[in-house]
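What follows is each chain in one-letter form.
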Protein chains: 8
Amino acid sequence: MADLKAILEQVKAGHLSIEQAEEQLAGASQLDYATLDLDRAGRTGFPEVVYGAGKSVEQLIGIIDRLQAHQDLVLVTRVREEQALRVQERMPEIQYIADAGLLVYTREPIVPKRPGYVAVVAAGTSDWQVAQEAAWTVRCFGSEARVIVDVGVAGIHRLFHRLEEIRGASVIICIAGMEGALTSVVAGLVDKPVIAVPTSVGYGANFGGVAALLAMLNSCANGVAVVNIDNGFGAGYMAGMIHRQTDR
Amino acid sequence: MADLKAILEQVKAGHLSIEQAEEQLAGASQLDYATLDLDRAGRTGFPEVVYGAGKSVEQLIGIIDRLQAHQDLVLVTRVREEQALRVQERMPEIQYIADAGLLVYTREPIVPKRPGYVAVVAAGTSDWQVAQEAAWTVRCFGSEARVIVDVGVAGIHRLFHRLEEIRGASVIICIAGMEGALTSVVAGLVDKPVIAVPTSVGYGANFGGVAALLAMLNSCANGVAVVNIDNGFGAGYMAGMIHRQTDR
Amino acid sequence: MADLKAILEQVKAGHLSIEQAEEQLAGASQLDYATLDLDRAGRTGFPEVVYGAGKSVEQLIGIIDRLQAHQDLVLVTRVREEQALRVQERMPEIQYIADAGLLVYTREPIVPKRPGYVAVVAAGTSDWQVAQEAAWTVRCFGSEARVIVDVGVAGIHRLFHRLEEIRGASVIICIAGMEGALTSVVAGLVDKPVIAVPTSVGYGANFGGVAALLAMLNSCANGVAVVNIDNGFGAGYMAGMIHRQTDR
Amino acid sequence: MADLKAILEQVKAGHLSIEQAEEQLAGASQLDYATLDLDRAGRTGFPEVVYGAGKSVEQLIGIIDRLQAHQDLVLVTRVREEQALRVQERMPEIQYIADAGLLVYTREPIVPKRPGYVAVVAAGTSDWQVAQEAAWTVRCFGSEARVIVDVGVAGIHRLFHRLEEIRGASVIICIAGMEGALTSVVAGLVDKPVIAVPTSVGYGANFGGVAALLAMLNSCANGVAVVNIDNGFGAGYMAGMIHRQTDR
Amino acid sequence: MADLKAILEQVKAGHLSIEQAEEQLAGASQLDYATLDLDRAGRTGFPEVVYGAGKSVEQLIGIIDRLQAHQDLVLVTRVREEQALRVQERMPEIQYIADAGLLVYTREPIVPKRPGYVAVVAAGTSDWQVAQEAAWTVRCFGSEARVIVDVGVAGIHRLFHRLEEIRGASVIICIAGMEGALTSVVAGLVDKPVIAVPTSVGYGANFGGVAALLAMLNSCANGVAVVNIDNGFGAGYMAGMIHRQTDR
Amino acid sequence: MADLKAILEQVKAGHLSIEQAEEQLAGASQLDYATLDLDRAGRTGFPEVVYGAGKSVEQLIGIIDRLQAHQDLVLVTRVREEQALRVQERMPEIQYIADAGLLVYTREPIVPKRPGYVAVVAAGTSDWQVAQEAAWTVRCFGSEARVIVDVGVAGIHRLFHRLEEIRGASVIICIAGMEGALTSVVAGLVDKPVIAVPTSVGYGANFGGVAALLAMLNSCANGVAVVNIDNGFGAGYMAGMIHRQTDR
Amino acid sequence: MADLKAILEQVKAGHLSIEQAEEQLAGASQLDYATLDLDRAGRTGFPEVVYGAGKSVEQLIGIIDRLQAHQDLVLVTRVREEQALRVQERMPEIQYIADAGLLVYTREPIVPKRPGYVAVVAAGTSDWQVAQEAAWTVRCFGSEARVIVDVGVAGIHRLFHRLEEIRGASVIICIAGMEGALTSVVAGLVDKPVIAVPTSVGYGANFGGVAALLAMLNSCANGVAVVNIDNGFGAGYMAGMIHRQTDR
Amino acid sequence: MADLKAILEQVKAGHLSIEQAEEQLAGASQLDYATLDLDRAGRTGFPEVVYGAGKSVEQLIGIIDRLQAHQDLVLVTRVREEQALRVQERMPEIQYIADAGLLVYTREPIVPKRPGYVAVVAAGTSDWQVAQEAAWTVRCFGSEARVIVDVGVAGIHRLFHRLEEIRGASVIICIAGMEGALTSVVAGLVDKPVIAVPTSVGYGANFGGVAALLAMLNSCANGVAVVNIDNGFGAGYMAGMIHRQTDR
């Protein structure tokens, strides 16, 4: 929650307008179309993240602009290239990570702040974008992320080849479409928590990722928990939170 | 199709009643509650199999009795122990294979008639009954079946330990509940066709075997085809048919 | 993997039979109906856990007996009271935790081995058994578990009343049936990972827990990952694994 | 039902053509492609509303034209901007409320006709259009609507901040996508009926709004009833009907 | 919220124990297996209702006992006859309404406290129990409920015969299984809000009430909102809340 | 609709009580738990049929008793043997057709009243009860029904053997579980309407008859319409109605 | 089946080429991409109908051309306007009925060949195209079709207004989207078979017509059978077949 | 697995670069976006196949280029024409089979290497592409494939006409959309394994191929196993593997 005294002193010193002070005390900043949660980092240790899908460029700019005044990090997910370019025209300080569909603004460069790393393991080439979304979210938490792709179980020796690196991670994100079998195999071989991400890669009785989702929820291996279909961000967030625990 | 001349000669010799001859010519034997398909073995190479679930003991006895007159092999699936015992009281020549829920009558002992074997690989202890149903169906085709259970991917070294035996088979039946991942792993390691059987083992988002069924239909490994949930008989039938090809 | 030299020395010293040595080298112990994964603790840091549902008392006893020879901890989940009593007749050293449906055997008493605790938060009285299953699984990992029940969002002040305790945990397990809203509210208020467990509590369009499962997968709050419906064990396992990270 | 005598007098006075009189007596006006229900306001207290989706501009104009002759209010829902502009070219008296996708014609300005108000509470920015559709439908009933957006449970203090205003309403419309948790939280805090509207905002296991729909149907808080996914109009209609009760 | 001063005076006067005072101030009463929400009536105008399904007789007695100390009305839903009889043995003051599956305790007799009534309209004889649950919940709100059964659309004149009575109500609860068509017909004929309750009456492609649920959510008539399948209590609660509005 | 004058004359002559006359004029007879539709035969040409499932023996007797006073035929569907026996104890004039689960009361014996017949074709022995329900419903319409069972497509010559008889019918009811393929094959071979009845025979991915239902709705052969799963009565009713057309 | 002698005589007379004679004897005409069923009219009384969706213009022309040589009527369903225009360029004798999406070629004009008519009743304006497809299919059978649209149950007097005309039909096709309630209401008021067509009109929990489909399968009124979603052709075919019965 | 000595000798002789040798020893070739499984043919008897959907032209070229260095056959599935043309511009040696959507590169011409053939039987014209994908995959295995289209059960004599050819095959691939009935009919008439492929041909309650998928999984005829919806490649692969068995 907001530190009352510090805010008042900033107002007195003229470093904070009356309006800004009100926002910080309420823990929320009101736009016409959004109520920004300025208190998010205080409660959860990570500032509010913006879901970019379906927002206009004007809305994105308005929200980013307001959040920049309060947060050291602004992260916008699910941004298409044409949206990103138009935001960057007006806000050149924003970085667009095209592979991950992310807009990122940070005061400081993104560097690992703690030892250890998160392994982002993906079954196929088609899971690439979800893997990148997960990896960059981990990095925004100040943790290292290592991406290992195309090690699906149809050629399981590819997985064993990388097993050392996977076993060395503090948390493992496991991404797979189709039948999602990679998760169970990985979880049976490691002593670290596995965050599973089903992807919508496949067709027919895949039902847009449902086949992989059910497989992961029913994993015969223990130590697996699942996020929504294609939700690389959610997995990266969960992994970042777990890894952050290790240096407390 | 029925061999007309042979039938007529048997009638003349008194080895066949008029009624039996009619049945054979029509390729069907009519009971009140069933129309038996006497021509099945002629068309498909395997006689009509009786689905025992939901049939009364009287109906089972009536059907078996009629089929015994025409077939060297009578196979009844999905028979519960109490049904079986009551059938056996009246028909002591029928064998009940309790683990597989099968009633079997054969003129000749069931022995392998060709080289090679079918591997029946099951992920868990709970898949035992489905595995037995599959294995005994294979044996009724005159092929050898070898059962390998509890080699699920949560401890994948158990599978590798038996890999030689699995790779040696002519056909592989792969049985798994929960997330059904075993199928994809096995299919990626062998050069033989894999018949996958999802089982209803599991709970919650398993949906009575749907999770494993979808996983198997979406397998990233090639050379997999799938039968209905818990359908050990169907898998054994398919495998028996394929293995039978090898000695033609 | 097994330590070859140590095993051989034990054989020489007569502390290990030839058969036991073979098992340890293979990392598996073969029963008729099961292939026990003796190498599990080596790979994943937790020994093989037995899924009790659908196993006969004879099978349970056989498996527990074999595992006791190799593991300091034997955990059997989803055991009904009548099964448990019959196992205990023959194996009085086994403890039955009726509320959680667990059979537990340990060489040493179960006590917390590290600071901090896991909060097990359940929305309603009907989620009690799932909560107990989760809590006792956490305890088997050597971590403290604190259970907080009946703080569902229909009376949200009950949750705020316990918020301090929940925020103090290293990991939070959040259990809810019906619409599963508790998870999103909790995850929005804490800076720790939340493992969500949907339960089958409810009726009608609840579809046996699907409503809560979908809600949790679609949580608008970040830092949530989900396990199967009613899978208290799975959540406890995941939380135990995460909490274990903190003292490495 | 139609007032016979009044109609006849209007015919006599020449204020009504024979055809119009017939229509009013039948309570229906026949177009080639539609049978307009002129009796709707008499039965339900609100005139027939036109569902705009999938109707051609010609059809919309034909229907509006006919309804204008009989009704003080003509409301057309789900109208896209290009349709609206072409209707307005020919019928400049029609108002298009773009945010709500509504075409509205009224003889009198829309103003609140009774004390009290309906609160339209939406979880996120993406629920804006559904919220506007609901609010404007309420206003067409002659009731005040106040819209409160982006107060989802991930930052629940935003909701508490507006709680006074929500509690002051006579009826509450609660709109949410993703997991739809807002409904249960709100309903647990107020003593007024809550009409819940699931929206299709989200992805993956959201299944186009099904996750939120199920959550709302299974709300652990009482006093909630649900309308179809994205059906802001339906919620506004229900709320308008309930609020209208208060001044009878 | 609790009235602090009044509580303290009651403590001083010895009318309230310290423990009771604490509970009232916290707005919650803690049992081993439940956290009772004593503040519910203050927030929502109706005290906490107990969901009886799956609770033991001991739990029911414990909860009722505690609630009786704080509430003028204790309502327990979904109670089977054998549970009820055993509760009544120990608590003879509790009334069991067998047709509705409700246990009710009230300080004062249940009588209508305001003019007007709620019409509970059910399509078939099989919807009787759901209708009774709804009607008695309405009565607990202090409103009159009139039950009209077996007026389904297969013989629509039965409905028209009772239309006057239905149109006279302030709120209408409409209960139907199978295809649930009654709701749309009723809603097209009245100027009052309709709360629809799908029931699980039917078979086959009824899917336990899903057919009626979908029909009601997609009603072509306006002024309909829907509660969960078989949720007579929920409909009665909603209707009671709406009707209560009329005398404010 | 009721013939007013005839009723009044019967009252005058003392053949009808005042109460009975009222009922006939209202077209409905009110019981506590049911509103009987006495006008049904007048509107639809077939009297109200009672759905027996879930009704108590007392309710069945009450309803039958009342209907007998007004209808020449009383038909009760889905009656279990124990219900039937208890009804027959009190109403020995009622016939119970156990194979079809029907209670039937008729003033006149059931005999065909018109030329031609309805063919009831069922794929398997397990579809027997549904076939009987359909056939007896047809007979209650005064049409002949011929039942042909166990002619499923796995042995398609059995169907061709009976094709002459099937092609000779005026309407064909086609009953099948599992994959429901029989319907398409039959419809491709006949020039008469085919009423398809999916049955719940099967297991696993059969989903209680959904597989057959979908197959029948998607039939590549024309001239097929479908009724609910296991709804032999509905198919018999439809066929009876169609066949009745032929002698008008 | 083909009349051998007649064919041979035509060959002899040179009216039939050898190839054409072969086709007629085989009852099939082979194209690269299709095997036309020339025997269809002989078996089912209606020639093969072409499903236009997904076929190229070249394929349509090839198929129509071949069928014209054998059939008095060629009907192609689901043809989009641009396909139709290109077919008509090459085959000006083909008629395109745009409202129904049908291409029709007939040797003789389409006129009713028997007394009576089929009523095509549709709930809303949006069901127009499905209604036209049904009506024109009926007409191709040589029966009269009368279309009655926009008589949905939200304004049920519109239906009663047309009831006389509906009751006068020999068969009724009932078309509705959303909740599909119209079917049950109509079927309860008539003594003729009702063919129900669910349409995909609606949104959200309509699931592309599933809501209406389930409603129709679960109709509480008897005498209803259902065809696939949006399948106006299928309903028209069924109705045509039934109506054809009446003049045999 | 790789032959170590042979590789080293090739390195020494300069026929293999160090990098190539490493790849072969690892059994994998690493690209940025893919980990190619060079060991696939060694394990499964068929080289890695590339899933073309969703890959960029650059990625396709990169992968094909690398695989050409190691494999005698490179097969890419689900390639659209515009992708194919651009690949062929750069790699003119690649063949594009447009009907099957396949890119194929082979060192040797594709010719049958063993006696016998696979029959590819498709129900309708619309199943053409799936049939071609299956047939060409069979051919890549070195087996003959014969395609028989448009023999669906609505005109079952078309099937019987081709029965001899179907019965002569070693394996049968059976492709059908809509209700998928063809599979059961074929399987009941042959003594060879049937691989069933449901297609997404159809509309409404077809649910994108689910109707046919369920039908095939529930086939009443034995000897059927099923692959994913529209998965012609998978069926061809399975059939190729089975047929290959016959010459071992």
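Here is what the cut-offs are and how they apply
Residues numbered from 1 in each chain as written. Chains lettered and ligands numbered in written order. Predicted model: local features only at pLDDT ≥ 70, side-chain atom pairs only at ≥ 80, totals over all residues. Heavy atoms only, no water. 1 Å grid on protein atoms, 1.4 Å probe; cavity = no way out; pocket = protein on both sides within 12 Å on 5 of 7 lines; lining within 4 Å. Points joined across faces, edges and corners; volume = space filled by probe spheres on them. Helix = DSSP H or I, 4+ residues; strand = E, 2+ residues; numbered from the N terminus. Nonpolar A, V, L, I, M, F, W, Y, C, P; charged D, E, K, R; others polar. Contact = heavy atoms within 4.5 Å. Buried area = accessible area lost by both parts, 1.4 Å probe. Salt bridge = Lys/Arg side-chain N within 4 Å of Asp/Glu carboxyl O. Polar contact = N/O pair within 3.5 Å; in protein donor to acceptor, adjacent residues only side chain to side chain. Least-squares fit on C-alpha atoms with pLDDT ≥ 70 in both. Phe/Tyr/Trp six-rings, centres within 6.5 Å; stacked < 30°, edge-to-face > 60°. Buried < 20%, exposed > 50% of the residue type's maximum accessible area, 1.4 Å probe, protein only. Axes fitted to C-alpha atoms, helices over the stretch in contact; angles between N-to-C directions. Parallel < 35°, antiparallel > 145°, perpendicular 65-115°, else oblique. Left-handed = near helix turned anticlockwise from the far one by under 90°. Expected span 1.5 Å × (residues − 1). Domains from an automatic or database assignment. Pairing = 2+ DSSP bridges.

Of the volumes computed, that of the largest pocket is approximately 1900 Å³. What lines the largest pocket is a set of 37 residues, among which A:Phe207, D:Phe207, F:Phe207, G:Phe207 and H:Phe207 lie closest to the centre. Of all the secondary structure elements, the ones that give two or more residues to the lining of the largest pocket are helix 10 (210-217) of chain A, helix 10 (210-217) of chain B, helix 10 (210-217) of chain C, helix 10 (210-217) of chain D, helix 10 (210-217) of chain E, helix 10 (210-217) of chain F, helix 10 (210-217) of chain G together with helix 10 (210-217) of chain H. Taken together, the residues of the lining of the largest pocket sort by class into 36 nonpolar, one polar and no charged. Empty space within the second largest pocket amounts to approximately 940 Å³. Taken together, 42 residues form the lining of the second largest pocket, with B:Ala41, B:Gly42, B:Pro47, B:His70 and B:Gln71 sitting closest to its centre. Of all elements in the fold, only helix 1 (4-12), helix 2 (18-26), helix 3 (40-44) and helix 6 (128-140) of chain B, helix 7 (157-161) of chain F together with helix 8 (163-167) of chain H reach the threshold of two or more residues within the lining of the second largest pocket.

Bringing the interface of chain A and chain C into the picture now. One frequent convention defines the size of an interface as the accessible area lost when the parts assemble. Contact residues are listed per partner, giving 35 residues for chain A and 35 residues for chain C. Together, the buried faces of chain A and chain C total about 2900 Å²; carbon and sulfur atoms form 57% of this surface. The largest share of the area that chain A buries against chain C comes from A:Leu217, A:Asn222 and A:Gln245, three residues that together contribute 20% of it. Summed over the shared surface of chain A and chain C, the result is zero salt bridges. At the junction of chain A and chain C, the tally comes to twelve residue pairs in polar contact (both at pLDDT 80 or more). Elements with a minimum of two residues in the side of chain A that touches chain C: helix 3 (40-44), strand 10 (194-198), helix 10, strand 11 (224-226) and helix 11 (232-245) of chain A. When residues in the side of chain A that touches chain C are grouped by element, the largest group, seven residues, is from helix 11 of chain A.

The subject of this paragraph is unusual backbone geometry. Even without being a glycine, B:Phe207 presents a positive backbone phi close to 50 degrees. One non-glycine residue, C:Arg78, lies in the positive phi region at around 55 degrees.

Next up on the list: the relation of the copies chain E and chain D. Mapping chain E onto chain D is achieved by rotating through 180 degrees and translating by 0.0 Å along the same axis, at an RMSD of 0.1 Å. Such a combination of turn and shift is consistent with a two-fold rotation axis. Mapped onto chain D, 100% of the interface residues of chain E again fall at the interface, so both copies present the same surface.

This part covers the interface of chain E and chain D. In this complex, chain E contributes 35 residues to the contact, which on the side of chain D involves 35 residues. With both chains or domains summed, chain E and chain D bury close to 2900 Å², and 57% of this area falls on carbon and sulfur atoms. For the chain E face of the interface with chain D, the top three residues by lost area are E:Leu217, E:Asn222 and E:Gln245, together amounting to 20%. At the boundary of chain E with chain D, the tally comes to zero salt bridges. Taken together, the links from chain E to chain D amount to 13 residue pairs in polar contact (both at pLDDT 80 or more). Looking at the side of chain E that touches chain D, the elements with two or more residues in it are helix 3 (40-44), strand 10 (194-198), helix 10, strand 11 (224-226) and helix 11 (232-245) of chain E. Counting residues per element, the side of chain E that touches chain D draws most heavily on helix 11 of chain E, at seven residues. Across the side of chain E that touches chain D, the residue classes break down as 18 nonpolar, eleven polar and six charged.

Below, the discussion takes up the relation of the copies chain A and chain C. Its rotation angle being 180 degrees, the transformation that places chain A on chain C also includes 0.0 Å of axial translation and leaves an RMSD of 0.1 Å. Both copies present the same face, since 100% of the interface residues in chain A are matched by interface residues at the equivalent positions in chain C.

Turning our eyes to something else, we now look at the packing of aromatic side chains. Inspection of every chain in the model, using the stated rule, returns 44 aromatic pairs over all chains. Arranged with centres 5.8 Å apart and planes meeting at 65 degrees, the rings of D:Phe233 and D:Tyr237 form a pair that is edge-to-face. Of this pair, D:Phe233 and D:Tyr237 are both found in helix 11 (residues 232-245), four residues apart, which corresponds to roughly one turn of the helix. Taken as a pair, D:Phe233 and D:Tyr237 share a single burial class, namely buried. Both rings, one in H:Phe141 and one in H:Tyr237, keep their centres 5.0 Å apart while their planes meet at 90 degrees; by these two values the pair is edge-to-face. Of this pair, H:Phe141 sits in the loop between helix 6 (128-140) and strand 8 (144-149) while H:Tyr237 is found in helix 11 (residues 232-245), placing the two residues 96 residues apart along the sequence.

Turning our attention to the packing of helix 4 (residues 57-68) of chain H against helix 5 (residues 81-90) of chain H. Residue and element names in this part refer to chain H. In contact at an axis separation of 10 Å, helix 4 and helix 5 are set at 50 degrees when each is read in the N-to-C sense. By the angle between their directions, the pair helix 4 and helix 5 is classed as oblique. Considering only the axes of helix 4 and helix 5, their crossing is right-handed. Only Gln83, Arg86, Val87 and Arg90 of helix 5 make contact with helix 4, whose side of the interface consists of Val57, Glu58, Leu60, Ile61 and Ile64. Looking at the contact of helix 4 with helix 5 residue by residue, the classes come out as five nonpolar, one polar and three charged.

This part takes up the pattern of salt bridges. Per the counting criterion, the structure on display carries 105 salt bridges over all chains. Residue A:Asp37 is joined to A:Arg40 by a salt bridge in which the shortest nitrogen-to-oxygen separation is 2.6 Å. Exposure class is identical for A:Asp37 and A:Arg40. Each is buried. Across the pair B:Arg158 and C:Glu48 runs a salt bridge whose closest N-O atoms are separated by 4.0 Å. One end of the pair, B:Arg158, is in helix 7 (residues 157-161); the other, C:Glu48, is in the loop between helix 3 (40-44) and strand 3 (50-51), on a second chain. Assigned by exposure class, B:Arg158 and C:Glu48 land together as buried. Beyond isolated ion pairs, a larger network of salt bridges with shared partners links A:Asp37, A:Asp39, A:Arg40, A:Arg43, A:Glu48, D:Asp150 and D:Arg158.

Further remarks concern helix 6 of chain B. Residue and element names in this part refer to chain B. Between the first and last C-alpha of helix 6 there are 18 Å, a value that for 13 residues agrees with the 18 Å anticipated at 1.5 Å per step. Listed in full, the buried residues belonging to helix 6 are Val130, Ala131, Gln132, Glu133, Ala134, Ala135, Thr137, Val138, Arg139 and Cys140. At the exit of helix 6 stands Gly142, carrying a positive phi of roughly 85 degrees.

Moving on, we come to the domain arrangement of chain A. Residues and elements named next belong to chain A. The domains assigned to chain A are domain 1 (2-106) and domain 2 (117-247). At the junction of the two partners, domain 1 supplies 15 residues and domain 2 supplies 13 residues. Regarding the contact of domain 1 and domain 2, the summed buried area is about 1200 Å², with carbon and sulfur atoms giving 62% of it. The three residues of domain 1 that bury the most area against domain 2 are Phe46, Arg78 and Asp99, which together make up 41% of that side's buried surface.

Moving on, we get to the sheet that holds strand 3 (residues 50-51) of chain A. Residues and elements named next belong to chain A. Strands sit in the order 3-4-6-5 across an open sheet of four strands; the sheet is mixed. This sheet does not close on itself; its edge strands, each paired only once, are strand 3 and strand 5 (95-97). Of the strand pairs in this sheet, strand 4 (residues 73-77) and strand 6 (residues 102-106) are connected by four bridges, and their pairing is antiparallel. Paired with Val76 across the two strands is Leu103, which belongs to strand 6. Each of strand 5 and strand 6 touches helix 5 (residues 81-90); the most contacted strand, strand 5, lies at about 170 degrees to it.

Next up on the list: the arrangement of the chains. Taking C-alpha atoms as the reference, chain C and chain H come no closer than 21 Å and do not contact one another. Chain H makes no contact with chain E, the minimum C-alpha separation between the two being 13 Å.

As a further point, take the sheet that holds strand 5 (residues 95-97) of chain G. Residues and elements named next belong to chain G. Strand order in the open sheet made by the four strands is 3-4-6-5, with mixed pairing throughout. Pairing within the sheet leaves two strands with one partner each, and these edge strands are strand 3 (50-51) and strand 5. Sheet strands touched by helix 5 (residues 81-90): strand 5 and strand 6 (102-106). Its angle to strand 5, the strand with the most contacts, is close to 170 degrees.

Further remarks concern the side chain of F:Asp150. Within the secondary structure, F:Asp150 is located in the loop between strand 8 (144-149) and helix 7. Here F:Asp150 falls in the buried class, since its relative accessible area comes to 9%. Among the polar contacts listed, one links the side chain of F:Asp150 to the backbone nitrogen of B:Thr35, at a separation of 2.6 Å. Setting aside anything within four residues of it in sequence, one finds F:Asp150 in contact with B:Ala34, B:Thr35, F:Ala122, F:Ala123, F:Gly124, F:Thr125 and F:Arg158.

Attention shifts here to the pairing of strand 6 (residues 102-106) of chain C. On any regular strand, side chains alternate: one points to one face of the sheet, the next to the other face. Residue and element names in this part refer to chain C. Taking burial as the measure, the five residues of strand 6 include four buried ones, the bulk of the element. Note that strand 5 (residues 95-97) and strand 6 share three bridges and pair antiparallel. The partner of Gln95 across the bridge, within strand 6, is Val104. The antiparallel pairing of strand 5 with strand 6 creates a hairpin that spans four residues between the two strands, and Gly101 there sits at a positive phi of about 65 degrees.

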